[in-house]
Amino acid sequence: MTPEEMKITDTKRKNLLLLITYSVSLIAGLGYSIMNQSGIIPISVFASQLLLLLIYFIVLQLVMKKPELYVHFSIPTIYIIMLIWLLTDGSNAKTMVILTLMAVLSAIHFRTIIFVIGYISGLIILIMNKAFAPAGDALFNELFTPALMTYLLVGIVLGVVINLNKKQRNQLQAYLQKTEEENIRKDEQRNLFANELATISTSINQINEQIQIHLVSQNEMKTAVNEISAGSQTQSDQINTIASAAEMTMGQMEEVSHLSNDLAIHSEDANRLALKGNDRVTYLHDNMNELKNIIEGLSNTFKELTKKIEETNTFIGSIQDITDQTNLLALNASIEAARAGEAGRGFSIVADEIRKLADITRNTATRINDNLSAVNEVNSTALEIMDLSSTKLHENMSATSEVTENFSILREKLDAISQEFKRLSTTASTVKGQTGEVELSTKELAAVIEQSSAGLEEISATIETLNKDNEMIATYIQDTAQSAERIERSINS
């Protein structure tokens, strides 16, 4: 319990003592006043004081949880009610007894201010009680002086007690504060010691775990070193085999170098042939263009010939019409000559000759028309052949263009292949030199592996020694960890 909590508890107990003590006196006075029928004022005074003290106790201490305020309200209220009683009912010998009791009750809490206020208030009321007393009351006059002396002596005693209690309380508070500070310091030291011990215990456990892990790792390292030492001889044999393979690879790389040089020469020859073929294809493409132009000219000529033949066909129709008209005129002339008789006989002969000439003309025109029809058909066939030739020519032109483009691509590819073969030849020469270096390096590596095997054997012996030392350290650390755990359990308990 802290000093503050002890102070609150002491205040609550003193408030309860004040309430009980004064309530008992109030109940006794209330009963005495009721039995002797002292009047309404004394009964009201005792009842109001008892009621207010109970209300203050319930509200301040039980409800508001502020017990330190109880004495500040109860003591002044009692003296105020006593003053009102004096002013309303006059002097009373019972007041002197109550004032002496109130002086004692004012000192219950050992608070100088409350005691001084209560004691001076009681002294004032006591003097006023004497002043308001009747002049002929010999009993009151006889009791006042002893009561005053008693009140003063009680005040002196209570003042001395309060002063001694104050000093004792200050010493006790200083001692309690010092004790509390010492306890806090000890708690801090104990917590610090416990924390540090827990840290040490944790660290020792972790060190123990790490040492155990290191032991396992060292055993694994020992096994691995033994395996490496055992496998180093095999690696040495393999390195020698690799050196032999490197020598064979070097010979094969020389063959690859010769082959790459030959391939580079053949690639250059193929490139020249491709270039020559490209030139021939270009020449063929140009000739195909000229042939295309010639065929297109012939096609245009045949089209013009077709138009002329069609126009001539129209002329044959006109000739046939003229022949028909000539025939008709010759027939009319014959008819007219027959009518003329002997005079028109010569004209009839001429008309017959004209009709024969018209028949010959008709037959000739028909033959010309037939020949023109045949020529027209032949011309149409020639036009179709020319169109087909032109189509094929266009296709050949496209194919020739594609072949030309392919030859160009082929030439570029051959150039690239030639460059690649040159780089291959360079790379083969480089690899040939590197293969020689690899051969030397493998021989040196074989010597290094032999030295490493000897070093691994020494490392294995060293690891064996470290393993034994770590086992001893692990034993010491484990014993220390157990001791730290026992100390920690002792502190916690």
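Residues numbered from 1 in each chain as written. Predicted model: local features only at pLDDT ≥ 70, side-chain atom pairs only at ≥ 80, totals over all residues. Heavy atoms only, no water.

1. Regarding the packing of helix α3 (residues 70-89) against helix α4 (residues 93-106)
Move 1: Their axes nearest at 11 Å, the elements α3 and α4 cross at an angle of 170°. With respect to α4, the element α3 is oriented roughly antiparallel. Both α3 and α4 take part in a crossing whose hand is left-handed. Between α3, through Ile-75, Ile-78, Tyr-79, Met-82 and Trp-85, and α4, the contact on the second element is made entirely by Thr-95, Ile-98, Leu-99, Met-102, Ala-103, Leu-105 and Ser-106. (Axes fitted to C-alpha atoms, helices over the stretch in contact; angles between N-to-C directions. Helix = DSSP H or I, 4+ residues; strand = E, 2+ residues; numbered from the N terminus. Parallel < 35°, antiparallel > 145°, perpendicular 65-115°, else oblique. Left-handed = near helix turned anticlockwise from the far one by under 90°. Contact = heavy atoms within 4.5 Å.)

2. Details of the side chain of Thr-100
Move 1: Residue placement: Thr-100 occurs in helix α4.
Move 2: Given the relative accessible area of 18%, Thr-100 is considered buried.
Move 3: Not counting residues up to four positions away in its chain, the partners in contact with Thr-100 are Tyr-151 and Val-154. (Buried < 20%, exposed > 50% of the residue type's maximum accessible area, 1.4 Å probe, protein only.)

3. Some thoughts on the packing of aromatic side chains
Move 1: This model, assessed by the stated rule, comprises five aromatic pairs.
Move 2: Seen from their ring centres, Phe-46 and Trp-85 are 5.6 Å apart, and the 70° between their planes marks the pair as edge-to-face. Residue Phe-46 is located in helix α2 (residues 40-63), and its partner Trp-85 is located in helix α3; the two are separated by 39 residues in the primary sequence.
Move 3: Judged by its relative accessible area of 2%, Trp-85 is buried.
Move 4: Look at Tyr-119 and Tyr-151: their rings are 4.6 Å apart centre to centre, the planes differ by 10°, and that puts the pair in the stacked class. Separated by 32 residues along the polypeptide, Tyr-119 in helix α5 (residues 112-131) and Tyr-151 in helix α6 (residues 138-340) bring together distant segments of the chain. For the pair Tyr-119 and Tyr-151, one class covers both residues: buried. (Phe/Tyr/Trp six-rings, centres within 6.5 Å; stacked < 30°, edge-to-face > 60°.)

4. Some details on a nonpolar patch on the surface
Move 1: Together, Leu-51, Leu-54, Ile-55, Ile-58, Val-59, Leu-62, Val-63 and Met-64 make up a nonpolar patch on the protein surface, roughly 690 Å² of accessible area in all.
Move 2: Relative to the assigned elements, Met-64 resides in the loop between α2 and α3. (Patch = residues over 30% accessible without salt bridge, like charges linked within 9 Å, V, L, I, M, F, W, Y side chains within 5 Å. Areas by Shrake-Rupley, 256 points an atom, 1.4 Å probe, with all protein chains shown as cover. Salt bridge = Lys/Arg side-chain N within 4 Å of Asp/Glu carboxyl O.)

5. Thoughts on the layout of surface pockets
Move 1: Within this model, the largest pocket holds a volume of roughly 500 Å³.
Move 2: Taken together, 16 residues line the largest pocket, and the ones lying closest to its centre are Lys-7, Asp-10, Lys-14, Arg-169 and Gln-173.
Move 3: Looking at the lining of the largest pocket element by element, the count peaks at seven residues for helix α1 (residues 3-36).
Move 4: Of the residues assigned to the lining of the largest pocket, the class counts are five nonpolar, five polar and six charged.
Move 5: Of the pockets and cavities examined, the second largest pocket occupies roughly 160 Å³. (1 Å grid on protein atoms, 1.4 Å probe; cavity = no way out; pocket = protein on both sides within 12 Å on 5 of 7 lines; lining within 4 Å. Points joined across faces, edges and corners; volume = space filled by probe spheres on them. Nonpolar A, V, L, I, M, F, W, Y, C, P; charged D, E, K, R; others polar.)

6. Remarks on the nonpolar core
Move 1: In terms of nonpolar packing, the biggest core is built from 40 residues, with Tyr-22 and Met-102 touching the most fellow members.
Move 2: Looking at this core, the elements with two or more residues in it are α1, α2, α3, α4, α5 and α6.
Move 3: The biggest single contributor to this core is α3, with nine residues.
Move 4: Beyond its immediate stretch of four places on either side in the chain, Met-102 contacts Tyr-22, Ile-75, Ile-78 and Tyr-79.
Move 5: With six residues, the next largest nonpolar core counts Ile-204, Ile-211, Leu-215 and Ala-474 among its residues. (Core = buried A, V, L, I, M, F, W, Y, C linked by side-chain atoms within 4.5 Å.)

7. Thoughts on unusual backbone geometry
Move 1: For Lys-65, which is not glycine, the phi torsion reads 60° and is therefore positive.
Move 2: One can find Lys-65 in the loop between α2 and α3.
Move 3: Judged by relative accessible area, Lys-65 falls into the exposed class, the value being 60%.
Move 4: Although it is not a glycine, Phe-110 sits at a positive phi angle of roughly 55°.
Move 5: Residue placement: Phe-110 occurs in the loop between α4 and α5.

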